[in-house]
Amino acid sequence: MSQAQLAGPDLSDSYVSLIESGKRTPTPVVARLLAERLGCTTEFLLHGIEPRQRIDTELGLRHAELELLHGDPSVAADRFGEIVKVAGEENVMLAAHARFGRARALEVQGKIGPAVKAFERLRREAAAHPERLADLPLAVALSRCYQRAGDILRARDLAAHALAEINRLPLSQGEIAVELAASLLDTAGTGGPGSPGMSYVREVLAVNGVPTAVNRGAEIHALWQASVTAADGEDSALAVRLADDAIATGRPARMASQLALIAMDWARLVASTGDEPLDEAREFAIAASEVLSAFPEHVREYVRSLVVRAHVQLGIGDAQGAATLAGTALDMLDGEASPIGATARLVLARAALADGRGGDVATALDAARRALSDVRHEPSGPDRETARVWRDLGDLYGQVGVVDEQTSAYRKALEAAGVRDAMVGVTVDSALVR
């Protein structure tokens, strides 16, 4: 069929030529007219996929998303990969969203190298085809991944780029704003509460607060199962609707949990620097604990929030309250060797130091050292959390005058941060591992 035949009496040959070359997008009326003359559906003409095939692919995307958010991320990665194959080059939008989902699933599994490779490829595609994917969520995701991989400079550059983009909008609400705030805390927390990144984090907390959350896991899984049952009965439209309901049902809790984690880390930053009023930090830390306590999957984060609250109590001069919170955290850890437990013991040491109980200080410091020595390091990259706790331990050993243990702790901090050069005979400054 020639362009003139396709245009018919209703359209011009040149307009059809522009549509064919991708320089014009047909209106819904024109799309229906062209589809009728070509003997296909409007859906196939616009998307290269038939309506039933498209709705089944959309359903597959939603079930993979539910698997990622509330199920097994490895299964989610496989399902997203299957959708990429089904969508192919004929439906680039669905394929791009599926590749983004697969990259997120790789990140959640801790497969940071493959996740970075996938996100970088998607970012190149977003630059070439901004109508398919947005750059901002990809930059935020890559910032998280590079942070976990230990490439701090790259992580900071990406976070700064994302911050510039989001300030241009401007935006301080919604999932992407919350994700960026979390990434900025990880990458730019050393800049202090007054830095541009931390100012944005504070703005996100001020606008969104730390909303209360209800654990609706049973409801989510019931809707998910109902969607699967509807799909088995070939009622794809209902299955998509139920899957959408399941995803939407979990969104408030996901947002509340992430804001709670941001509030907790903000409170820790303020407590460590003393640059901001501690009353607000205390309120944020308590709100974070209340939210995290409602979710069994966040038990470690809840324990961490207790330790942060203990730090804040120390800052306002309540050594006894700090010791009580740290003790509760240790009871919940039940002897587990972890940076969280070692940090709780450092709180006990600081509380004892404030009360003038020298013997208890030494006991707590030695217990923290033993706990850190038993922490198993992941071979994939530096462990900056453990490095920070070793550094804090060194600082405290220095305060009580135990120089040999102070130097040893700083050396361990450098090793945990990925520096393993020969350090024999070298006095290490704590600033090097900050």
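Residues numbered from 1 in each chain as written. Predicted model: local features only at pLDDT ≥ 70, side-chain atom pairs only at ≥ 80, totals over all residues. Heavy atoms only, no water.

Visitor: I would appreciate a short explanation of the overall build of the chain in the present structure.
Guide: A tally of regular secondary structure across the chain gives 21 helices and zero strands. If one aligns the C-alpha atoms of the chain with their principal axes, the spans along those axes are about 95 × 45 × 35 Å. The proportion of buried residues among the 434 residues of the chain is 44%. For the chain, the share of sequence-separated contacts (at least 6 apart) that also reach a separation of at least 24 residues comes to 58%. Split by element, the accessible area of the chain, about 21200 Å² in all, is 51% carbon and sulfur. (Helix = DSSP H or I, 4+ residues; strand = E, 2+ residues; numbered from the N terminus. Buried < 20%, exposed > 50% of the residue type's maximum accessible area, 1.4 Å probe, protein only. Contact = heavy atoms within 4.5 Å. Areas by Shrake-Rupley, 256 points an atom, 1.4 Å probe, with all protein chains shown as cover.)

Visitor: Please clarify how a nonpolar patch on the surface should be interpreted in this entry.
Guide: Side chains of Met1, Leu38, Leu45 and Leu46 sit close together on the surface and give an oily, nonpolar patch of about 380 Å² of accessible area. As for its placement among the helices and strands, Leu45 is situated in helix H4 (residues 42-47). Residue Leu45 is classed as partly exposed on the basis of its relative accessible area, which comes to 31%. (Patch = residues over 30% accessible without salt bridge, like charges linked within 9 Å, V, L, I, M, F, W, Y side chains within 5 Å. Salt bridge = Lys/Arg side-chain N within 4 Å of Asp/Glu carboxyl O.)

Visitor: In this structure, what is going on with the nonpolar core? I would like to understand it.
Guide: Side chains of a nonpolar character, in soluble globular proteins, are inclined to be buried together. Counting residues in hydrophobic clusters, the biggest one holds 63 residues, and the most contacted among them are Phe119, Ile166, Leu180, Leu184, Tyr200, Val201 and Ile262. Sort the elements by how many residues they give to this core and helix H14 (residues 236-273) lands first, with 12 residues. If we skip the residues at most four places from it in the chain, Ile166 touches Leu136, Leu171, Ile176, Ala177, Leu180 and Tyr200. Counting residues in each nonpolar core, the second largest holds 19 residues, with Leu346, Val361, Leu396 and Ala416 among its members. (Core = buried A, V, L, I, M, F, W, Y, C linked by side-chain atoms within 4.5 Å.)

Visitor: It is not clear to me how the packing of helix H7 (residues 92-109) against helix H8 (residues 112-128) should be interpreted in this structure. Could you clarify?
Guide: Any two packed helices are characterised by how steeply their axes cross, that is the angle between the axes, and by the distance between the axes. As a packed pair, H7 and H8 sit with axes 8 Å apart at the nearest point and diverge in direction by 155 degrees. In terms of their interaxial angle, H7 and H8 are classed as roughly antiparallel. In this structure, H7 meets H8 at a crossing whose hand is left-handed. Of H8, the residues touching H7 (which contributes Ala96, Arg99, Phe100, Ala103, Arg104, Leu106 and Glu107) are Ile112, Pro114, Ala115, Ala118, Phe119, Leu122 and Glu125. (Axes fitted to C-alpha atoms, helices over the stretch in contact; angles between N-to-C directions. Parallel < 35°, antiparallel > 145°, perpendicular 65-115°, else oblique. Left-handed = near helix turned anticlockwise from the far one by under 90°.)

Visitor: Would you explain H8 in this entry?
Guide: Here H8 spans 24 Å end to end across 17 residues, near enough to the 24 Å set by a 1.5 Å rise per residue. Every buried residue of H8 is listed here: Ile112, Ala115, Val116, Ala118, Phe119, Glu120, Leu122, Arg123, Glu125 and Ala126. Buried residues along H8 sit against H7, helix H9 (135-149) and helix H10 (152-168). (Expected span 1.5 Å × (residues − 1).)

Visitor: Got a minute to help me understand unusual backbone geometry in this structure?
Guide: With the exception of glycine, the majority of residues adopt a negative phi angle, and the majority of peptide bonds are in the trans configuration. A cis amide bond links Leu169 with the next residue in sequence, Pro170, at an omega value of -25 degrees. The phi dihedral of Glu234 is positive, around 65 degrees, even though this residue is not glycine. On the basis of relative accessibility, which here comes to 59%, the residue Glu234 falls in the exposed class. Located in the positive-phi region is Asp334, a residue other than glycine, with phi close to 55 degrees. Position of Asp334 among the secondary structure elements: in the loop between helix H17 (319-333) and helix H18 (339-355).

Visitor: Help me understand the pattern of salt bridges, please; the structure alone is not making it clear to me.
Guide: Once their charged atoms are close, side chains differing in charge can pair, the charge on each being opposite to the other. If you walk through the whole model with that rule in mind, you get 23 salt bridges. The salt bridge partner of Arg369 is Asp366, with a shortest N-O separation of 3.7 Å. Here Arg369 pairs with Asp366, and both are found in helix H19 (residues 358-373), just three residues apart, close to one helical turn. What you see here is one network of salt bridges that share partners, running through Glu58, Arg62 and Asp244.

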